[in-house]
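# Chain and residue survey
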Amino acid sequence: MTKLKWGMIGGGEGSQIGPAHRLGALADGHFQFTAGALDHRPDIGREYAQRLGIAADRAYGDWTEMLEGERGREDRIDLVTVATPNATHFEITKAYLEAGFNVLCEKPMTMTVEEGEEIVKVAEKSGKICAVNYCYSAYPMVRQARAMVRAGEIGKVRLVVTNFSHGHHGDATDADNPRVRWRYDPAMAGVSGQFADCGIHAMHMAGFIADDEVETLSADFASTIGSRELEDDAMVNFRTTKGAVGRLWTSSVAIGRQHGFDIQVFGETGGLRWASEQPNQLIYTPVGGRLQIIEKGEGGLHEDAQRLSRVAIAHPEGFPLAVANIYCDLADAIAGETRDGLPNAADGVRSMAAVHTAVESAKQGSAWMDARPPMFR
C-alpha cells in the first residue's frame, strides 16, 4: 500500500496534543510523517522535526515556509494537520485549502462564526477536505451508539444529557499558571473559556449520536475564581431541529472529576450511555427491559464500530486510537470513499456559532436564542 504523505503544523515537543496526532496518524500505516513546522521557534522546530525522522529539507521553520516549500513539490503532502494556538487556525487552514491541500484542523476551527463560514465556502470551492478533530466521536462505541440511533433501536430521541467536567483548574492558588491562565484570557482564548474548550466536544457529541443539529439554546456562565474574565463553569440547555431536549454541563472547577465526559441519549423505546473513562462499553436499556452492556469487539456490532476496533474484546483502546480513527476516515476520504462520521468544516462552524450564541445568551440572562450559523438557517 502506498502511504499518503502527512505534514503537521504545531504540536511540537512538550505539546499536549502533538503526540496524539503523531500516534494516530501513523497507527494504521495510512500516512507517512513527511513534513513539519512544529514550533513557533524556527530552529527548535526544525531540530525536533529531524529528530522525529523528517528530512532536513522538509523540516520547516514556520507554516508559511512549509506552504511555499510543499506547494511546488511533485511529492507534496496529501494532508496537513493544524495543531497551533486557536487564534491561528483560520489563517493557516484557509491558506492551505486555497493552495489545494487537505486539512485536519484542531478545534475550535475558527474564533468567529464569520471565519467559520468562510472556511466552509473555501473548502467547497477548493474541493478539498477540511476536517475538524472532534476525535471523541471516533471511539468505536460512540459510532455504535450513532448507528443504533440511526437504525431506530431506541426510537425517536427525546432527551440528550451530556457533560464534560473536570477539576484540574479548580485550585485558585494556581490560577496564574501560564498553562491555565490563557484559557480564561479573552486575548488568547476568545469570547469563551470552558465552553469553547470542552463544552463544544459535548455539544458536538450530542448532535453526532442523536443524528441531529442544535437549533436553539439558553446558557448560564459562571467565573467561580474571581481573577478569571471568562467562564470556568457553564450550563447550556438546548433544543434540536428534530425536537429533542438537551442538557449540557461543562466545568473546569469540579474538583475530584478527572475527565468527566459522558453522554446519555434517551429515546421512545430505549436509552444509551457512553463515558470516555470507560470507552469500551456502551450501556443500553430497552424500555421495559434489563440493562445491557455492549462491549467493543464483541459480535453483532454495527459496521462502523467493527471497522474502527483494532484489538480483541476486553483490551482497551484509548484516546490516541480514537484520533487514529479520524485519520482512518481521512485516508478513506482522500481516496474518494464517503465517511459521513468524519467531522467537517460545517461541524466546525456550527460549534463556533453555538459558542457565540451561548456567550450572548449568558449576558442576556439565559435568553433562548437561535444557535445556528446564518448560512444554515
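All of these numbers come straight from a predicted model, not from anything done at the bench. (Residues numbered from 1 in each chain as written. Predicted model: local features only at pLDDT ≥ 70, side-chain atom pairs only at ≥ 80, totals over all residues. Heavy atoms only, no water.)

### Let's talk about the nonpolar core
Considering soluble globular proteins, one finds that nonpolar side chains tend to be buried as a cluster. Of all hydrophobic cores here, the largest spans 101 residues; its most connected members are M66, Y96, I209, Y327 and L330. No other element matches helix 9 (residues 194–210), which puts 11 residues into this core. (Core = buried A, V, L, I, M, F, W, Y, C linked by side-chain atoms within 4.5 Å. Buried < 20%, exposed > 50% of the residue type's maximum accessible area, 1.4 Å probe, protein only. Helix = DSSP H or I, 4+ residues; strand = E, 2+ residues; numbered from the N terminus.)

### A word on empty space enclosed by the protein
Scanning the model with the defined rule gives one cavity of 30 Å³ or more in all. Approximately 70 Å³ is the volume attributed to the largest cavity. For the largest cavity, the full set of lining residues is N86, P108, T110, M111, A189, G190, V191, S192, A196, M352 and V355. Counted by class, the lining of the largest cavity contains seven nonpolar, four polar and no charged residues. (1 Å grid on protein atoms, 1.4 Å probe; cavity = no way out; pocket = protein on both sides within 12 Å on 5 of 7 lines; lining within 4 Å. Points joined across faces, edges and corners; volume = space filled by probe spheres on them. Nonpolar A, V, L, I, M, F, W, Y, C, P; charged D, E, K, R; others polar.)

### Notes on the packing of aromatic side chains
In the structure shown here, the tally under the stated rule is 13 aromatic pairs. Centroid distance Y136 to F319: 5.7 Å. Interplanar angle 50°. Geometry classified as tilted. Within this pair, whereas Y136 is found in the loop between strand 5 (130–132) and helix 6 (140–150), its partner F319 is found in helix 11 (residues 319–334), the two being separated by 183 residues in sequence. The exposure class assigned to Y136 is buried, which follows from its relative accessible area of 9%. Between F261 and W274, the ring centres sit 6.2 Å apart and the planes meet at 90°, which makes this aromatic pair edge-to-face. Of the two residues, F261 sits in strand 10 (residues 261–267) while W274 sits in strand 11 (residues 270–275), which places them 13 residues apart along the sequence. Taken together, the ring pairs in this structure connect Y136, Y139, F164, F261, W274 and F319 into an aromatic cluster. (Phe/Tyr/Trp six-rings, centres within 6.5 Å; stacked < 30°, edge-to-face > 60°.)

### A look at the environment of A131
Within the secondary structure, A131 is located in strand 5. By relative accessible area, which is 0% here, A131 ends up buried. Placed 26 residues apart in sequence, A131 and C105 show a C-alpha to C-alpha distance of 6.2 Å.

### What about unusual backbone geometry?
Cis geometry marks the peptide bond from K107 to P108, where omega comes out at -5°. Here P108 shows up in the loop between strand 4 (102–105) and helix 5 (113–126). Although it is not a glycine, D211 sits at a positive phi angle of roughly 55°. Checked against the element boundaries, D211 lands in the loop between helix 9 and strand 7 (214–222). Positive phi is not limited to glycine here, since A314 has a value of about 80°. Within the secondary structure, A314 sits in the loop between helix 10 (303–307) and helix 11.

### Brief notes about the sheet that holds strand 2 (residues 31–37)
Strand order in the open sheet made by the five strands is 2-1-3-4-5, with parallel pairing throughout. At either margin of the open sheet sits one strand with a lone partner, and together these are strand 2 and strand 5. Going across the sheet, the axis of each strand differs from the next one's by a mean of 25°, ignoring polarity. Of the strand pairs in this sheet, strand 3 (residues 79–83) and strand 4 are connected by four bridges, and their pairing is parallel. Directly across from T81, in strand 4, lies its bridge partner L104. (Pairing = 2+ DSSP bridges. Axes fitted to C-alpha atoms, helices over the stretch in contact; angles between N-to-C directions.)

### Focus on the layout of surface pockets
Quantified by volume, the second largest pocket comes out at close to 360 Å³. Considering the residues around the second largest pocket, the lining is formed by 23 residues, among which H204, D212, E213, D347 and R350 are closest to the centre. Those elements that provide at least two residues to the lining of the second largest pocket are helix 9 and helix 12 (345–363). Looking at the lining of the second largest pocket residue by residue, the classes come out as nine nonpolar, five polar and nine charged.

### Some words on the pairing of strand 7
Successive residues of a regular strand alternate their side chains across the two faces of the sheet. As defined by bridge partners, strand 7 adjoins strand 8 (residues 233–240) across eight bridges and the pair is classed as antiparallel. The residue bridging F221 from the neighbouring strand is A234, located in strand 8. Pairing between strand 7 and strand 14 (residues 369–370): two bridges, direction antiparallel. Paired with L217 across the bridge in strand 14 is M369.

### Observations regarding the pattern of salt bridges
One pass over the structure, following the stated rule, counts 35 salt bridges. Put simply, R228 and D232 hold a salt bridge, and the shortest N to O gap is 3.0 Å. Like D232, R228 is buried. Between R307 and D329 there is a salt bridge whose closest N-O contact spans 2.9 Å. (Salt bridge = Lys/Arg side-chain N within 4 Å of Asp/Glu carboxyl O.)

### Details of the side chain of R228
Within the secondary structure, R228 sits in the loop between strand 7 and strand 8. Among the polar contacts listed, one links the side chain of R228 to the backbone oxygen of H169, at a separation of 2.8 Å. Residues contacting R228, with those up to four places away along its chain left out, are H169, V180, Y184, S223, S252 and V253. (Polar contact = N/O pair within 3.5 Å; in protein donor to acceptor, adjacent residues only side chain to side chain. Contact = heavy atoms within 4.5 Å.)

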